Amino acid sequence: MELEELKTIWLDLRAHVDQLAGERQQYYDFFEQATEAYVITDLYGTIADANGAAVDILQRRKRYLRGKPLAALVALEQRSEFRRRLRALGSREPGAERSWRSIFESPGLRTDVELSARLIDRPGGPGGICWRLEALA
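Keep in mind that this is a model prediction, so the values were computed, not measured.

The next subject is the sheet that holds strand 1 (residues 37–41). In space, the five strands of this open sheet follow the order 2-1-5-4-3, with antiparallel pairing throughout. Both outer strands of the open sheet, strand 2 (47–50) and strand 3 (99–106), are each paired with one neighbouring strand and no more. Neighbour-to-neighbour, the strand axes of this sheet turn through a mean angle of 35°, independent of strand direction. Pairing of strand 4 (residues 109–122) with strand 5 (residues 125–135) involves ten bridges; the strand directions are antiparallel. In the sheet register, alanine 117 faces strand 5, and the bridge partner there is tryptophan 131.

To continue, consider the nonpolar core. Counting 26 residues, the largest nonpolar core has Val39, Phe82, Phe104, Leu115, Trp131 and Leu133 as its most contacted members. Elements supplying a minimum of two residues to this core: strand 1, strand 2, helix 2 (52–58), helix 4 (79–90), strand 3, strand 4 and strand 5. With five residues, helix 2 is the largest single contributor of residues to this core. In contact with tryptophan 131, other than residues within four places in its own chain, are Ala37, Tyr38, Val39, Thr41, Leu70, Phe82, Leu86, Leu89, Trp100, Leu115, Ser116 and Ala117.

Interface size is often expressed as the accessible area that is lost when the parts come together. Structurally, the protein comprises domain 1 (1–33) and domain 2 (35–135). Domain 1 and domain 2 are separated by 32 Å when their C-alpha centres are compared. Taken together, the contact between domain 1 and domain 2 spans four residues of the former and nine residues of the latter. Among the residues domain 1 hides against domain 2, the three largest losses belong to Tyr28, Phe31 and Glu32. Together they make up 86% of the total. Applying the counting criterion to the domain 1 and domain 2 interface returns one salt bridge. Across the pair lysine 62 and glutamate 32 runs a salt bridge whose closest N-O atoms are separated by 2.4 Å. When its residues are assigned to classes, the side of domain 1 that touches domain 2 shows two nonpolar, one polar and one charged.

The next subject is the packing of aromatic side chains. Per the counting criterion, the structure on display carries three aromatic pairs. Ring centres 5.9 Å apart and planes at 70° place the aromatic pair phenylalanine 82 and tryptophan 100 in the edge-to-face group. Of the two residues, phenylalanine 82 is situated in helix 4 and tryptophan 100 in strand 3; the sequence distance between them amounts to 18 residues. Both residues of the pair, phenylalanine 82 and tryptophan 100, count as buried.

This paragraph deals with the environment of leucine 86. As for its placement among the helices and strands, leucine 86 is situated in helix 4. The sequence separation of leucine 86 and isoleucine 57 amounts to 29 residues, and the corresponding C-alpha distance is 20 Å. When near neighbours in sequence (up to four residues on either side) are disregarded, leucine 86 contacts Leu43, Tyr44, Gly45, Trp100, Ile129 and Trp131.

The rules we used
- Residues numbered from 1 in each chain as written.
- Predicted model: local features only at pLDDT ≥ 70, side-chain atom pairs only at ≥ 80, totals over all residues.
- Heavy atoms only, no water.
- Pairing = 2+ DSSP bridges.
- Helix = DSSP H or I, 4+ residues; strand = E, 2+ residues; numbered from the N terminus.
- Axes fitted to C-alpha atoms, helices over the stretch in contact; angles between N-to-C directions.
- Core = buried A, V, L, I, M, F, W, Y, C linked by side-chain atoms within 4.5 Å.
- Buried < 20%, exposed > 50% of the residue type's maximum accessible area, 1.4 Å probe, protein only.
- Contact = heavy atoms within 4.5 Å.
- Domains from an automatic or database assignment.
- Buried area = accessible area lost by both parts, 1.4 Å probe.
- Salt bridge = Lys/Arg side-chain N within 4 Å of Asp/Glu carboxyl O.
- Nonpolar A, V, L, I, M, F, W, Y, C, P; charged D, E, K, R; others polar.
- Phe/Tyr/Trp six-rings, centres within 6.5 Å; stacked < 30°, edge-to-face > 60°.

Next up, the structure:
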């Protein structure tokens, strides 16, 4: 290949990378500003991200949530049941529940929450879980 061809290929590649970065930012802005509360975890329930509405429900700072097991925020008396359901969901057991209620705790506050879970599909299998949280009155 000649130098000019390489430059053209490089510029095309760079334009695609910039376009993808812009699309990723648009997606992230949409996620962050959604009125519904979303938490993204790996298959083991470790929090990768949470949007602003989820931060409000969980009453924790975003930097505190990242890397923390979602189960650690569930009331102690419900934790083992939450983990059982999480394992069933992550292993794609037939009939695994995708929606249930749990109590989440933060300092001085207990919040009854309806959880809905959706596996995030990636090539080669599930890549994580997207949780929708709804605080119940």
